[in-house]
Protein chains: 2
Amino acid sequence: MSPSNPVLSHHISSQFNEDLQDVHTKFMSMGGLVEQQVANAIHALLDTDANLAMDVQFKDNTVNQLERDIDEGLTLILARRHPAAIDLRMVIAMSKANTDLERIGDEAAKIARIAQNLCEEGESPRGYMETRHIGNQVRVMIHDALDAFARLDVDQALKVVMADGDIDREYQSATRTLMTYMMEDPRHISRVINVMWVLRSLERIGDHSRNISEQVIYMAKGRDVRHTSIEEIEQTVHRK
Amino acid sequence: MSPSNPVLSHHISSQFNEDLQDVHTKFMSMGGLVEQQVANAIHALLDTDANLAMDVQFKDNTVNQLERDIDEGLTLILARRHPAAIDLRMVIAMSKANTDLERIGDEAAKIARIAQNLCEEGESPRGYMETRHIGNQVRVMIHDALDAFARLDVDQALKVVMADGDIDREYQSATRTLMTYMMEDPRHISRVINVMWVLRSLERIGDHSRNISEQVIYMAKGRDVRHTSIEEIEQTVHRK
């Protein structure tokens, strides 16, 4: 964990700090694993690597186990340490973001399952350029959201929230392109639909990264910015 | 709220009870609203009712606001009342299930948006029989999950978890049928794809109902049954 995290550094050597640090470390390593799962799932699809696709599906169990461990750790902190103010917000933010990380892991496993099927069928379908492009953007979003979480960096969090709008627009445009491919050549409908599911998963991963970033802003600023406008979020971030 | 809820009836007339009761009441009314949103979204689609479709999209704001209110109430309880044991589990379960309710609301709004587009295009596409059938099952699941939550009824919760398996199978089969429709008549690809998105949303609503039911089991039994087998969940439910 970054030593600059202002929440964790103010509890010097208390038992509370040890407990919170422990869960925070698990949370960050779950984040790293999930980020890797998404990268590998996209890689497996684009490079038709069936072994890697199987590996991603298998490792989803580890992600699920980490989700349970982290929630258990957070519940123990609530029961024994009665955190208040920013500490409590950190516990709540980790609990919410934990759910998002697990869902990102689920979407990676879904992409990997499709990758495996497409490997078995052979021959790569159209729509991979779109997948590569949106996939890269979404990977950056997860990375930045986790980095913002580790450093309580609200500016970085705001960047992720804004990037989600771009993903949504590019997703819409890619979906239209894929629809054209299907109409041009109906023999490939089934394979193109699989690529559509992948794009949908990537778009959802973007949403979850945004959710994690909103939790960073909640932790740091004490304000719930979910379901508010970009302008309102910007104001919250820039408030001293 | 049901007077038989065993968590809420053991805190007689304390301030804690009032706070918890207040959030619980909000949670249950959010549940009722979300249930209605799903019913109306499906109704708008199948009966090509554009006004109802717009109403569902508009009311999603109310769902979002309730999510924020409930989380705020739960955070205040954690900060001021330091709940322990089953009370703490109830707070955590409501926090997790609150996210699921909001996501169900989102899926209802997505269905309503598609319904509105299809109304504007006129002429109902194929695949509505599948939508009606899965839609009815999913509505029963939400209803039963909320009922189990209100009464802390683990048997009912188990029933919902088991129903989710059926939905997944029927969703797979309906998707294959829709794929055949597209190949038979590629002119309708775009409209059939919209029906596919609706089915996907319904399948996700089934997942969220299952999640809520798993939280009921966690509250009542103190055991996190997420990502475990049906057999393990059955054993937990039947343990005295």
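The shown structure was predicted, so the numbers you read here are calculated from the model rather than taken from an experiment.

**A closer look at the overall build of chain A**
When its secondary structure is counted, chain A shows 8 helices and 0 strands. Listing every helix and strand of chain A by position from the N terminus yields α-α-α-α-α-α-α-α. In terms of overall size, chain A behaves like a compact globule, its C-alpha atoms giving a radius of gyration of 19 Å where 240 residues would be expected to give roughly 18 Å. Across its three principal directions, the C-alpha atoms of chain A cover 65 × 40 × 25 Å. Taking all 240 residues of chain A together, 58% fall into the buried category.

**Section: the packing of aromatic side chains**
Considering all chains together, one arrives at 3 aromatic pairs over all chains under this definition. Ring geometry for F27 of chain A and F149 of chain A: centres 4.5 Å apart, planes at 35°, overall tilted. Residue F27 of chain A is located in helix 2 (residues 15-46), and its partner F149 of chain A is located in helix 5 (residues 128-151); the two are separated by 122 residues in the primary sequence. Above the ring of W197 of chain B, the side-chain terminus of R200 of chain A is found at 4.4 Å from the ring centroid.

**Observations concerning the relation of the copies chain B and chain A**
Overlaying chain B with chain A gives an RMSD of 0.0 Å, the required rotation being 180° about an axis along which the chain moves by 0.0 Å. Here the copies are linked by what is in effect a two-fold axis. Looking at the interface residues of chain B, 100% of them are also at the interface in chain A, so both copies use one shared face.

**A closer look at helix 3 (residues 50-81) of chain A**
Residues that lie three or four places apart on an α-helix share one face, since the helix turns once every 3.6 residues. Residues and elements named next belong to chain A. End to end, helix 3 covers 47 Å across 32 residues, agreeing with the expected 46 Å (1.5 Å per residue, within 8%). Sitting at the head of helix 3, D49 places a side-chain oxygen 3.3 Å from the backbone nitrogen of N51. The positive-phi residue at the C-terminal boundary of helix 3 is H82, with phi of around 45°.

**Describing unusual backbone geometry**
The phi dihedral of T48 of chain B is positive, around 40°, even though this residue is not glycine. For T48 of chain B, the position within the fold is in the loop between helix 1 (15-46) and helix 2 (50-81).

**Re the packing of helix 7 (residues 189-221) of chain A against helix 5 (residues 154-184) of chain B**
The geometry of helix 7 of chain A relative to helix 5 of chain B is characterised by a closest axis approach of 10 Å and an angle of 130° between their N-to-C directions. It follows from the interaxial angle that helix 7 of chain A and helix 5 of chain B lie oblique. Here the hand of the crossing between helix 7 of chain A and helix 5 of chain B comes out right-handed. Residues I189, S190, I193 and W197 of chain A of helix 7 of chain A form the contact with helix 5 of chain B, whose own contacting residues are Y171, T175, M179, M182 and M183 of chain B. Looking at the contact of helix 7 of chain A with helix 5 of chain B residue by residue, the class counts come to 7 nonpolar, 2 polar and no charged.

**Description of the pattern of salt bridges**
Under the definition given, this model contains 36 salt bridges over all chains. Measuring nitrogen to oxygen at the nearest pair gives 3.8 Å for the salt bridge that ties E102 of chain B to R103 of chain B. Of the residues examined, E102 of chain B reaches a relative accessible area of 4% and is grouped as buried. For R103 of chain B, a relative accessible area of 9% corresponds to the buried category. For K110 of chain B, the salt bridge identified is with E107 of chain B, shortest N-O distance 3.7 Å. With K110 of chain B and E107 of chain B both in helix 3 (residues 85-121), this residue pair falls 3 residues apart, about one helical turn. Residue class for E107 of chain B comes out buried when judged on its relative accessible area of 5%. Among the charged side chains, a salt-bridge network with shared partners connects E67 and D71 of chain A together with K96, D224 and R226 of chain B.

**Structural notes on the UniProt feature "domain: PhoU" (unreviewed entry) in chain A**
In this numbering, the UniProt entry assigns the feature "domain: PhoU" (unreviewed entry) to residues 28-114 and 132-216 of chain A. Annotated as residues 28-114 of chain A, this span is 93% helix and 0% strand, and its ends, taken at the C-alpha atoms, are 28 Å apart.

**Structural notes on the interface of chain B and chain A**
Buried accessible area, meaning the area lost when the parts come together, often serves as the stated size of an interface. Listed as interface residues are 39 residues of chain B and, on the opposing side, 39 residues of chain A. Both sides of the chain B and chain A interface together cover about 3,500 Å² of buried area, and 57% of this is carbon and sulfur. Linking chain B with chain A are 8 salt bridges. The partner of R226 of chain A in a salt bridge is D71 of chain B, and the shortest N-O contact between them spans 2.8 Å. At the surface where chain B touches chain A, the tally comes to 16 residue pairs in polar contact (both at pLDDT 80 or more). Taken together, the elements giving at least two residues each to the side of chain B that touches chain A come down to helix 2, helix 3, helix 5 and helix 6 (189-221) of chain B. By residue number, the principal contributor to the side of chain B that touches chain A is helix 6 of chain B, which donates 11 residues.

So, how was this worked out
- Each chain has its residues counted from 1, following the order in which its sequence is written.
- A letter from A marks each chain and a number from 1 marks each ligand, given out in the order of writing.
- Side-chain atom pairs in this predicted model are given and counted only at pLDDT of 80 or more, local residue features only at pLDDT of at least 70, and totals for whole chains, interfaces and linings cover all residues.
- Side-chain numbers here rest on the full set of heavy atoms in the structure, without hydrogens or water.
- Each helix is a run of H or I in the DSSP string that is no shorter than four residues. Each strand is a run of E no shorter than two, and both are numbered from the N terminus.
- The globule rule used for comparison is 2.2 Å times the number of residues to the exponent 0.38, while the radius of gyration itself is calculated over C-alpha atoms.
- Only protein chains enter the calculation, and the probe is 1.4 Å; a residue is then buried if its accessible area is under 20% of its type maximum, exposed if over 50%, and partly exposed in between.
- Centres within 6.5 Å make a pair out of two Phe, Tyr or Trp rings, where for Trp the six-membered ring is used; the pair is then stacked when the planes are under 30 degrees apart, edge-to-face when over 60, and tilted otherwise.
- The criterion for a charge sitting over a ring is simple: Lys NZ or Arg CZ within 6 Å of the ring centre, and within 35 degrees of the ring normal.
- Superposition of the copies used a least-squares fit over C-alpha atoms from residues whose pLDDT is at least 70 in both.
- Should any heavy atoms of two residues lie within 4.5 Å, those residues are considered in contact.
- To estimate how far a helix should reach, multiply one less than its number of residues by 1.5 Å.
- Within 3.5 Å is the distance limit for a polar contact, defined as a pair of N or O atoms, with the added protein rule that one can donate a hydrogen and the other accept it, and that residues adjacent in sequence qualify only through two side-chain atoms.
- Under this scheme, a helix contributes an axis fitted over its contacting stretch, all axes are lines through C-alpha atoms, and angles between N-to-C directions fall in the 0 to 180 degree range.
- Put simply, angles under 35 degrees are roughly parallel, angles over 145 are roughly antiparallel, angles from 65 to 115 are roughly perpendicular, and the rest are oblique.
- Each crossing gets its handedness from the near helix: less than a right angle anticlockwise from the far helix is left-handed, clockwise is right-handed.
- Under this grouping Gly is polar, as are all residues other than the nonpolar Ala, Val, Leu, Ile, Met, Phe, Trp, Tyr, Cys and Pro and the charged Asp, Glu, Lys and Arg.
- Salt bridges, as used here, are contacts in which a Lys or Arg side-chain nitrogen is within 4 Å of a carboxyl oxygen on Asp or Glu.
- UniProt positions are given in the numbering used here, feature names are shortened, and annotations may be inferred rather than shown by experiment.
- Note: buried area is the sum, over both parts, of the accessible area (probe 1.4 Å) each one loses when the two are combined.

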